[in-house]
Amino acid sequence: MLQNMTLFSVEGKTVVVTGGSRGIGRMIAAGFVEAGATVYISARKTPEVEKTAAELGCVGVPADLSTPEGVAALVAAVDGPLHVLVNNAGATWGAPLEEYPEHAFDKLWNINVKGVFYLTQKFLPQLRAAASADDPARVVNVGSIDGIRVPSMENYAYSAAKSGVHMLTRHLARQLAPEHITVNAIAPGPFPSKMMAFALDDPATRDLVSSSVPLGRIGRPDDMAGAAIFLSSRAGAYLTGTIIPVDGGISC
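Treat the numbers as computed from the prediction; the structure is a model and nothing was measured. (Residues numbered from 1 in each chain as written. Predicted model: local features only at pLDDT ≥ 70, side-chain atom pairs only at ≥ 80, totals over all residues. Heavy atoms only, no water.)

An ideal rise of 1.5 Å per residue puts 42 Å on 29 residues; helix H5 (residues 102-130) measures up with 40 Å between its terminal C-alpha atoms. Its axis deflected by about 55° at Leu124, H5 carries its strongest bend there, up to four residues before the proline Pro125. (Helix = DSSP H or I, 4+ residues; strand = E, 2+ residues; numbered from the N terminus. Expected span 1.5 Å × (residues − 1). Bend = angle between axes of the 7 residues up to and from the residue.)

Take a look at the structure:
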């Protein structure tokens, strides 16, 4: 029994979760805190970061990761080796095809793809310091099922960017494997978050979304936290370059 418990342990690890003040990021951060990790969360809005950090019992670092200054501030705030980096911060944009603005592609590419790449790059010294053959350092990117299958919503830049996150995950995984750093991605389906509020806050629409999921429900916090903890524990040490749909079967 003890061996099975330690198989999924992340106790004592240092974890950074970007976009950790709400939604999927908060779910993941809460799971790591409850599992005994030292957790840092970041987001742009200082009051939200401080409130969530106080509620969860973790360290809050206000930082705009779309800027070099914000990236530098977060990296500087993390003391010592970094065992797990969860690149969750992201944005979405929906509009009809004929009205879809060019600046939506610029914004979402910068946040959802470039942000993932450059934050990982800047954290490499601390990830390398935590890495070993028996217990690699971990990078967990949050993609989306919209980067796997064509979504019904007109979120062109979002789906393209999340598909980019998935390929970037695989590319980084190949590059960093010899250094004992694994890179994987979680591709969430519908979860309660600001991005999904337009659909899930309305009971009728929520029921419609739930009915489209083969497992018949919206994702729960434990579903998301469990996937991230698995990838960060000894149980997930031999996985790298994977894209794991956490979507109740939508992408089947």
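Turning next to the sheet that holds strand E5 (residues 137-142). Here we have seven strands laid out as an open sheet, ordered E3-E2-E1-E4-E5-E6-E7, and parallel in their pairing. For this open sheet the edge positions go to strand E3 (59-62) and strand E7 (243-246), each flanked by a neighbour on one side alone. Here the average twist between neighbouring strands, direction ignored, is 20°. Here strand E1 (residues 14-18) runs beside strand E4 (residues 84-87); their pairing, made up of three bridges, is parallel. Residue pairing in the sheet places Val15 in a bridge with Val84 of E4. Strands in contact with helix H4 (residues 68-77) are E1, strand E2 (38-43) and E3; relative to E3, the strand with the most contacts, it is inclined by about 160°. Contacts between helix H6 (residues 156-176) and the sheet are confined to E5, strand E6 (181-188) and E7, with E6 contributing the most and set at about 160° to the helix. (Pairing = 2+ DSSP bridges. Axes fitted to C-alpha atoms, helices over the stretch in contact; angles between N-to-C directions. Contact = heavy atoms within 4.5 Å.)

Moving on, we get to the pattern of salt bridges. Evaluation of the coordinates by the stated rule reveals eight salt bridges. As a salt-bridge pair, Arg128 and Glu179 come within 2.5 Å of each other at their nearest N and O atoms. Of this pair, Arg128 sits in helix H5 while Glu179 sits in the loop between H6 and E6, placing them 51 residues apart in sequence. With its nearest N and O atoms 2.8 Å apart, the salt bridge here joins Asp223 to Arg217. In this structure Asp223 comes out as partly exposed when scored by relative accessible area, which is 26%. It is possible to trace a salt-bridge network through shared partners that takes in Lys13, Asp135 and Arg138. (Salt bridge = Lys/Arg side-chain N within 4 Å of Asp/Glu carboxyl O. Buried < 20%, exposed > 50% of the residue type's maximum accessible area, 1.4 Å probe, protein only.)

Before going further, it helps to examine the nonpolar core. As a rule of thumb, soluble globular proteins bury nonpolar side chains together. Ranked by size, the top nonpolar core spans 30 residues in total, and within it Ile28, Phe32, Val39 and Val86 carry the most contacts. Among the secondary structure elements, those contributing two or more residues to this core are E1, helix H2 (23-34), E2, helix H3 (46-56), E4, E5 and helix H9 (221-232). Looking at this core, the element that brings in the most residues is H2, giving seven residues. When residues no more than four places from it in sequence are discounted, the contact partners of Val86 are Val15, Val16, Val17, Thr18, Ile28, Phe32, Val140 and Val142. Core analysis: the second largest hydrophobic core is formed by 28 residues, Ala63, Leu74, Leu119 and Ala173 among them. (Core = buried A, V, L, I, M, F, W, Y, C linked by side-chain atoms within 4.5 Å.)

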